[in-house]
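Geometric and topological summary
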Amino acid sequence: MTSPARQTWGRTIWWSLIIVVIILAIILAWQFAPHHPIVVEPPAGKDSNNAFSISPELVQATLLADTQGITAGQTFRLGVLFRIKSGWHIYWQNPGDAGLATAVRFTLPAGFTASALRWPIPHRFEEAGDITAYGYTDSVLLFAEITPPKEALKSTSATLAAAASWLVCRDKCVPGAAQLQLTLPVADNAGAANAETFTEWSGKLPMAAHEQLADMQISSPLPANADVGPFTVTLRWKETPPKIECFPTADENVVITKFSAPTQNNTTSISFTAGIIKDRQAKETITLLVVTTDSAGLRRGVNIPVLVRDA
Amino acid sequence: MKTTILLITMFIVGPLLFAAGCKKAAPPPAQPAKAENTETQPVEVAETDQSQLSHPYNFTLTDQDGNTVTLSAYTGKIIVLEWLNPDCPFVQRHYAARTMINLADKYRDQGVVWLAVNSTKTYDASKNKAFHDEHALTYPVLDDRLGQVGKTFGAKTTPHLFILDKTGQIAYQGAIDDDPNGDKADRATNNVQKALDELLAGQKVSTPQTASYGCSVKYAD
């Protein structure tokens, strides 16, 4: 027989234990909950089901000349202006770890010659998994210098064509292409065209030298019988720029690995391993594009050729 | 009565307190016991390329049907690991052309094991199964959406191919072929085919590494 006081005390213990059990159960359930990263579906865009489509709403390509007319023997600039949808990017001549270089091929009338394509200084994109890509956002003009033949042109106009292809990526990648054409009259004193655009993008090309670079040391090329080896490029700065980036370029015969370019005090020590694919050409050069950003945010670049192996 | 209730409660609370103390060591109860292997990390990897390592790899992943696939089960065989992402136009082009499918079929009779790995963060076993069945694949598509295996090997693109020789070391890593634009047709060199032929003939792989091409692997985090 229990007294009322003992009954109350017993009930208190009983309820306390219930509450403790419930609290423990909650804590344990929370501790044992699977801790997987939250999987987020990227927003399904118009292109998500049709990845092979030409992607005009992601990239708009236009063919532009810096002249209103063509004069015999007078060089002018011809380029494709890419306008890229916000948040998306296309790739530099070396796309980096992934992606595909943007391509522009000109078709010109007989006797016209074109220089190599000019590549403005790219940006670097870092993605999860230590993946680095090089390319452009917003817009970029890829252009070449075109020289008409010196002899007087027979026709009254010339048609210039360009085939552009690209890979535009954000969380997904969409390939795209455009066939472009421009017809210009043959004229003796043609005025300029698209001056602002060509000036802007000419200013973003790498330079031959960088006035802040005091000196540089480049390690020796591989011996003729070697396929792979380490390289170092040491840059000494007069005044070390606040930001220094390195963009390597190599043709399809060279594989660059272990690339690092730390800067300490006024010295940037670039190191990498270059491997040449067997049975390809003997002489191999790669180019390091060194890009500095000054305190005003102005970016300037200099191309440093590195002889990987001599002929 | 109260004693009984008290005893029952103690038998519940006691083990719970014990388990709470051990919670960090216990595997999540929702997954089968084998899931512990998913956490197994292969031999410590330096940040740089794996071709320098002399230790074999191992991992356990789930395929599109929910079966676990462990790499060490294929010890002594030549293994091809193919990173893919069904959303990537490069992968789509190769599956339309049956590049990997034809290679896997061709070398299966010679004992080569082909495993596709999907490290895309938005994919799971059921989405892998949809892709697997759509192409009637004769090799599994492994769920690596946490990205651990991809990062261990250094898979950066889709496609990205790794060939492990019979000792478990990487004999080839890089692009499937030398045709990133897909416009070389018959003139393209298939790097994987070339490396497999050399390995099966007992030769050293003449081109152990090429720069891979494709979309970037869409890793989680």
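Further remarks concern the overall build of chain B. Scanning chain B for helices and strands turns up 6 helices and 9 strands. Counted over contacts in chain B with a minimum sequence separation of 6, partners at least 24 positions apart contribute 72%.

Let us look at the sheet that holds strand E1 (residues 59-65) of chain A. To summarise the sheet geometry, strands pair through backbone hydrogen bonds and adopt either a parallel or an antiparallel arrangement. All names here are of chain A. The sheet built from 4 strands is open, its strands ordered E1-E2-E8-E5 with antiparallel pairing. Every interior strand has two partners, whereas the edge strands, E1 and strand E5 (113-114), have only one. Examined bridge by bridge, strand E2 (residues 76-84) and strand E8 (residues 139-147) share 8 bridges and lie antiparallel to one another. Looking across to E8, one finds that Leu81 is bridged to Leu141. Helix-sheet contacts for helix H2 (residues 195-202) involve E1, E2 and E8, and the interaxial angle to E8 is about 100 degrees.

This part covers the environment of B:Thr207. Positionally, B:Thr207 belongs in the loop between helix H6 (191-200) and strand E9 (215-216). Put simply, B:Thr207 and B:Val192 are 15 residues apart on the chain and 9.9 Å apart in space, counted from C-alpha to C-alpha. Ignoring sequence-local partners within four residues, the contact set of B:Thr207 consists of A:Ile277, A:Lys278 and B:Asn191.

Moving on, we get to unusual backbone geometry. Generally, phi is negative for residues other than glycine and the peptide bonds are trans, each holding for most cases. Of note, the amide linkage connecting B:Thr158 to B:Pro159 takes the cis form, showing an omega dihedral of 0 degrees. Tracing the sequence through the fold places B:Pro159 in the loop between strand E6 (157-158) and strand E7 (160-164). One non-glycine residue, A:Asp130, lies in the positive phi region at around 65 degrees. Looking at the secondary structure, you find A:Asp130 in the loop between strand E6 (123-127) and strand E7 (131-137). Residue A:Asp130 is classed as exposed on the basis of its C-beta count, with 12 C-beta atoms lying within 10 Å. Phi at B:Arg98 is positive, roughly 60 degrees, even though this residue is not glycine. Relative to the helices and strands, B:Arg98 is located in the loop between helix H2 (89-96) and helix H3 (99-108).

Basis of the calculations
Residues numbered from 1 in each chain as written. Chains lettered and ligands numbered in written order. Predicted model: local features only at pLDDT ≥ 70, side-chain atom pairs only at ≥ 80, totals over all residues. Helix = DSSP H or I, 4+ residues; strand = E, 2+ residues; numbered from the N terminus. Contact = placed C-beta atoms within 7 Å. Pairing = 2+ DSSP bridges. Axes fitted to C-alpha atoms, helices over the stretch in contact; angles between N-to-C directions. Buried ≥ 20, exposed ≤ 12 C-beta atoms within 10 Å, placed from the backbone.

Just geometry here; none of it tells us what the structure is for.
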